[in-house]
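Chain by chain, the residues:
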Amino acid sequence: MSTQPFRLPRGGRIDRARPHRFIFNGRAYSGYAGDTLAAALLANGIHLVGRSFKYHRPRGIVTAGVEEPNALVQLGVGARSEPNLRATQCELYDGLIATSQNCWPSLRFDLGAINDRLARFLPAGFYYKTFMWPPSAWMQYEHAIRRMAGLGTAPEERDSDRYDKRLVHCDVLVVGAGPAGLAAALAAGRTGARVILADEQVEFGGSLLSGSAEIDGRPALDWVARATAELDWMAEAKLLRRATVFGYYDHNYLAIVERVADHLANPGEREPRQRLWKVRARQVVLATGAIERPLIFRDNDRPGIMLAGAARAYAHRYAAVPGRRTVVFTNNDSAYAAALDLIEAGGPVTTLIDIRAEPQGELADAVRAHGVEVIGGSAIVATSGRHRVKGVEVMRLTPDGTGVAGPVKYRDCDVVCMSGGWTPAVHLFSQSRGTLAYDSTHGCFVPSRAAQATHVAGICNGAWTLAECLRQGFTAGTAAARAAGFVEVAAAAAPPAPEPTATPPRILWAVPSDRAGTTSKHFVDFQNDVTVADIQLAAREGYRSVEHVKRYTTSGMGTDQGKLGNIPALGVLSDVLAADLPSLGTTTFRPPYTPVSFGALTGRDIDALADPIRVTPMHDWHVANGAIFEDVGQWKRPHFYPRAGETMRAAVDREVTAARTAVGILDASTLGKIDIQGPDAVTLLNRIYTNGWTTLEAARCRYGLMLKDDGMVIDDGVTTRLAPDHFHMTTTTGNAARVLGWLEEWVQTEWPDLRVYMASVTEQWAVATLSGPRARDVLAAAGTDLDLAPTAFPSQSMRQGAVAGMPARVFRVSFTGELSYEVNVPARCGGALWEALIAAGAPFGITPYGTEAMHVLRAEKGFIIVGQETDGTVTPLDLGLDRLVSKTKDFIGKRALLRPDTQRSDRKQLVGLLTEDPNEVLPEGAQIVVERRPEPPMPMIGHVTSSYFSPTLGRSIALALIVGGRARHGETLCVPLLGKTVKVEVAESCFYDRDGARANG
Amino acid sequence: MADRTQWGSPLDAASWPPRGIFATVRFEERPFVGKLILRGSADTREFLDVSRAVLGFALPTTANTVAVDGDLAALWLGPREWMVTTTPEREADIAERLCRALVGQHAAVTDVSDGRTVIRLAGPSARDILMKGCPLDLHPREFVPGRCAQSQLARAQIILHQIDETPTYDLYVAPSFARYLWAWLVDAAAEYAIA
Amino acid sequence: MLRIPCPYCGPRDETEFAYGGEAHIARPQNPATTTDADWADFLFMRKNPKGRHRERWMHARGCRQWFNVERDTVTHQIVTVYRMGEPPPETPR
């Protein structure tokens, strides 16, 4: 156990009373509660945390936040293991286990580092140039490349954590709880508006947590504490910490991932690990801060080279100094403040190198007063040190900044703090499609015009002083609340804060060196190992668009999405193209702002909750009686009911035979049912169905076909006239909602004058269908007051009465070709009805049958199933159902049936197929040809739509759609399958009881 | 309506334990509530008058509101659609009286008592649970007792009716989705300790 | 995800709605006397503008009413909604 040699004796927002042990790459260390993993590593003197993506160069911690490109770790083991986490964001907990990624066999000795020596062979676009040929080999290449690139390991086990969601609405969502965001939340909250304040950090304060700023003459963190307390006290303010707003979508819809338990060693059982908040905000205030840019100098990636603001944060917030000899390299004022803070905290700074000419003024004087050597108008031209920076070489810049000259100064160091200026975090603003404007003074894009109800405040809006951040925050919060309908009762004035006069930064995208060549690496994108030379090469090869350069060089890709490198990459590109930077635009900002786990996005929509499982009132009986279920949409329907040791084929054969020779019973509750009432109901049916309905008598049933206006079949079913103005329509199971929507669409949009109302009664009625020669006996045995005599209750009619003591509507319609009664009872009676019929049917050999037997039974009769025999390109004429198409009235789809195309005789038509070998069951979907040729192509003239073994006929049967099929009766065609050709004879589509005597008797 | 021994509800305890009783929320099925879909035009004086005469109160004409009187309630579902609810087995009588009174008018009554069941959700955490899967703004400033809405909860279509400020809600859901929704509620309530 | 103001129920999330394509496509009064070309035009030809678009939506998981929406296909701004049968309101550009 090491002793945290780089921990300062006092200060920081850590809890020294709560030490935490942790393991990094197999070694034990200690830190404190309040540390991030990165802070604890630095306190232990560890800078080397990973290897780079392509060259496998040693890499260290660069940042102290979300923008970290290098310090990616795999956290945890087993099911809770998670790759690609930023050590700069992982809160330390006792027992934390982390390993570096992208290094093999070990962090200090990495075989992949050979790539660094071979760099000249690994230019921009290398993968595209090398691994794409032959195309078939990419899969093998990709596998190897991914292992080498090593972006962590996905856990093998099932994720053991719980994730949850919350859908919320608010008046004002404030993103970011730095000075501007806190001010905005206060201003908005004081009006009584519903406010959500979300910040990705563990505590509010933003940049104030990492510096020594003052507000109103007192430490800024006092103000943060007061503001937070006031917000806590507000009933309508919701404060979310550890909550990253990662997506800004249309109509002010934003997504937040809250890390509820990631920081706990032992998360609770009930609490989710992460919670996804989906927020609909009337107004949004973005106070998302800014990200410091690196300077792009030669070998700027050695461990120990970090952002100045990050070093300041580690020293100030975590009391961990990054090193003993610090060199600062900057182009702007902020690094001076960072240097002063570092010195004050106890981290010695020896030299400060400023790209700008001779630094003057308060800040320079203050730094010099601490004995720091200040070198102006100069640049670092080289660094040394393999696993840790050891020294820098400094030369004077030429006046135009494109070269260096004069003697080389060597300075020893163990840390380089760099600052290339600050980039406002405009990601969310840009995701919302707000436009950006280029600020040439600060070399960055700032929000220009909002596209939604969005306000921007603070440094992300170009407020470069603390005082201005606070002012903008109060203004934005007040304006947002007012726009949401809330007016402040008390004036919300921003407290005063210092506003130092600033010297503008000097923008120099690529810092020149005295040594050029391919081995010289000025890294623009650390994570993807993209150098200035790569971008220059891309430009030389003709790439102009930033989007293309991004994809070609991979700059701005990966888990950090170029949070550090995007603007410098643009700058380098604008230099080499000699183009105005703003004219190049930016790459598109897309969600998520930072990576989001699949678990959080999925939430509880897993296992049984992944999709609703719909069940009928008889479901428990089916389960208890061994049914195997089939998914029909979201419904679970019995597929077949195997007896012990029975195969599916045997079970289905038995069920079919029972229905043909005795009686079967089917749960048909899922059938769509629509109640249609009104004086114009019959007119609606006449227009919706292809056949006529005017003459249908009360209590009679009729089969109908529904077309779209293009003439194609969309649904079929039996509709019954309950009373002159009252109909009961049935639809196919899968189309229940669609058909109701279809009727509503026509009535509401095209024929609003029709006096008709529809209501879904699909689930009002449970349906048990008795089918078979003994169906009448079973119904009688169950007890009914209905006269079942064929003359009293003929086929295609409906009777209302009692069945087994339950109020029932009984429809005598058949989908099997046998005598059938569809017994409908209120759903609450479904279970009792089923059991009563099963009991009453026992003496008659009643057999429950599932959807497979139902399919066989109807296929034997040549009855179509919409969606199986039809696919949206099939007309009633194609199905041979001309008799259902009225010649005398108009209906939806009629006009299209008159088009030459729908009249063609060579359209695909429904026919039956009989295989030469009666035991050969064709696969559904099989293609049909006139003759098999030795080699493709062979003209395809149709396909098999349904295919079963028919126990009734003792042979296989199939239905097919075949070009000019009806004229081919008796012809022999071929079905080419893998390894064989099946000969089939074209037959009638009805295979059994063609005159329908069985159902009508 | 048949013998009660022949009745079964989608969430019958016998077939579908457990009851949802948690420290800060409880939910239970209210099976067999009488439900009628009543269609007619609110622009037609006679329709409103006749409905009031039968129900004893005026149908709500403000969108997404509920009128209640004793064990009868009418939920606004659409511009020409209401759901009339009543105690179990009273629906046939109400339906018949409505139909008789509405003869000659363009109106419709459909019994859907079995087409939906009701889950009553009550307790301080009820709103939080709904917010895990319902896109409505349920904040007391926006959604109060006497409000109703057709929307969705998780992946089920629902009618939501807020009863009181506890808050207590009635969720109307198709019986085929009831077990799914019940399982979803039990899961969503898991973080509120079992009483 | 859009927030669509149903003219009957008020603003609701897009997930409650179904899209119904371009609005104001008139079905020919006399299909039988309509030419094949005009019929095909009615059936298949739709505008796909970049910018303002009048389209139909249905509040599928709510009141099940169809209505019209004028939406900007670039910004997704909903300019106005109006009921079936109502003329499109004049909307400022």
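The structure contained in this document is the topic of the report that follows. A quick note: this is a predicted structure, and the numbers were derived from the prediction, not measured. (Residues numbered from 1 in each chain as written. Chains lettered and ligands numbered in written order. Predicted model: local features only at pLDDT ≥ 70, side-chain atom pairs only at ≥ 80, totals over all residues. Heavy atoms only, no water.)

### Some remarks on the interface of chain A and chain B
Interface size is commonly expressed as the accessible area that is lost once the parts come together. Each partner contributes to the interface: chain A provides 54 residues, whereas chain B provides 48 residues. Linking chain A with chain B are 12 salt bridges, by the criterion used here. Elements with a contribution of two residues or more to the side of chain A that touches chain B: β8 (163-175), β15 (274-286), α17 (619-624), β34 (672-677), β38 (757-760) and β41 (806-812) of chain A. Tallying contributions element by element places β8(A) first for the side of chain A that touches chain B, with seven residues. Tallied by class, the residues present in the side of chain A that touches chain B amount to 25 nonpolar, eight polar and 21 charged. (Contact = heavy atoms within 4.5 Å. Salt bridge = Lys/Arg side-chain N within 4 Å of Asp/Glu carboxyl O. Helix = DSSP H or I, 4+ residues; strand = E, 2+ residues; numbered from the N terminus. Nonpolar A, V, L, I, M, F, W, Y, C, P; charged D, E, K, R; others polar.)

### Remarks on the interface of chain C and chain A
Contacts between the two partners involve 24 residues from chain C, matched on the other side by 26 residues from chain A. Carbon and sulfur atoms supply 48% of the area buried between chain C and chain A, which totals about 2200 Å² over both sides. Of all residues in chain C, the largest losses of buried area upon contact with chain A belong to C:Met1, C:Arg27 and C:Arg64, amounting jointly to 30% of the total for that side. The interface formed by chain C and chain A holds five salt bridges in total. We note a salt bridge from C:Arg56 to A:Glu745, for which the minimum N-O separation is 2.6 Å. Run the count over chain C and chain A and you get 14 residue pairs in polar contact (both at pLDDT 80 or more). Per-element tally for the side of chain C that touches chain A: the top contributor is helix α1 (residues 36-44) of chain C, with five residues. Residues belonging to the side of chain C that touches chain A are distributed by class as follows: 12 nonpolar, six polar and six charged. (Buried area = accessible area lost by both parts, 1.4 Å probe. Polar contact = N/O pair within 3.5 Å; in protein donor to acceptor, adjacent residues only side chain to side chain.)

### Observations regarding the sheet that holds strand β3 (residues 18-22) of chain C
All names here are of chain C. Taken together, the four strands give an open sheet; going across it, the order is β3-β4-β5-β6, and neighbouring strands pair in antiparallel fashion. Because the sheet does not close on itself, it has two edges, and the strands there are β3 and β6 (78-83). Neighbour-to-neighbour, the strand axes of the sheet open up by a mean angle of 30 degrees, direction not taken into account. Bridge analysis of strand β5 (residues 66-72) against β6 gives five bridges, and the strand direction is antiparallel. (Pairing = 2+ DSSP bridges. Axes fitted to C-alpha atoms, helices over the stretch in contact; angles between N-to-C directions.)

### A look at the environment of A:Leu570
Residues and elements named next belong to chain A. Checked against the element boundaries, Leu570 lands in helix α14 (residues 566-577). With 73 residues separating them along the chain, Leu570 and Arg643 place their C-alpha atoms 71 Å apart. Dropping the residues within four chain positions of it, Leu570 is found in contact with Phe445, Val546, Leu581, Leu584, Gly585 and Thr586.

### Remarks on the sheet that holds strand β7 (residues 108-111) of chain B
Residues and elements named next belong to chain B. Pairing in this open sheet of five strands is antiparallel, and the strands run β4-β5-β6-β3-β7 from one edge to the other. Of all strands in the sheet, those with a lone pairing partner are β4 (66-69) and β7, marking the two edges. Put simply, the sheet's adjacent strands are angled 20 degrees from each other on average, direction ignored. Across five bridges, the pairing between strand β5 (residues 72-78) and strand β6 (residues 81-86) is antiparallel. Within β6, the residue paired with Leu75 across the bridge is Met83. Lying over the sheet, helix α1 (residues 45-55) contacts β3 (34-39), β5 and β6, oriented at roughly 165 degrees with respect to β3.

### Observations regarding the side chain of A:Arg955
Residues and elements named next belong to chain A. In this fold, Arg955 is placed in strand β47 (residues 955-963). Of the buried charged residues, Arg955 lacks a salt bridge, with Asp917 as the closest side chain of opposite charge at 7.4 Å. Here the side chain of Arg955 touches Thr915 through a polar contact of 2.8 Å, landing on its backbone oxygen. (Buried < 20%, exposed > 50% of the residue type's maximum accessible area, 1.4 Å probe, protein only. Lys, Arg positive; Asp, Glu negative; His and termini not counted.)

### Describing the packing of helix α18 (residues 648-661) of chain A against helix α23 (residues 851-860) of chain A
Residue and element names in this part refer to chain A. Interhelical geometry of α18 versus α23 gives an angle of 55 degrees and a closest axis separation of 9 Å. When the axis of α18 is compared with that of α23, the two are oblique. Between α18 and α23 lies a crossing whose hand is right-handed. When α18 is examined against α23, the residues Met648, Val652, Glu655, Val656, Ala659 and Arg660 are found in contact with a partner set consisting of Glu852, Ala853, Val856, Leu857 and Glu860. Of the residues contributing to the contact of α18 with α23, the split by class is seven nonpolar, no polar and four charged. (Parallel < 35°, antiparallel > 145°, perpendicular 65-115°, else oblique. Left-handed = near helix turned anticlockwise from the far one by under 90°.)

### Quick look at the packing of helix α12 (residues 532-540) of chain A against α14(A)
Residues and elements named next belong to chain A. Closest axis-to-axis distance for the α12/α14 pair is 9 Å, and the angle between their directions is 45 degrees. Comparing their axes, α14 and α12 come out oblique. Between α12 and α14 lies a crossing of right-handed hand. Residues Val532, Ile535, Gln536 and Ala539 of α12 touch α14, and the partners they reach there are Ala569, Val572, Leu573, Val576 and Leu577. Of the residues that constitute the contact of α12 with α14, the class distribution is eight nonpolar, one polar and no charged.

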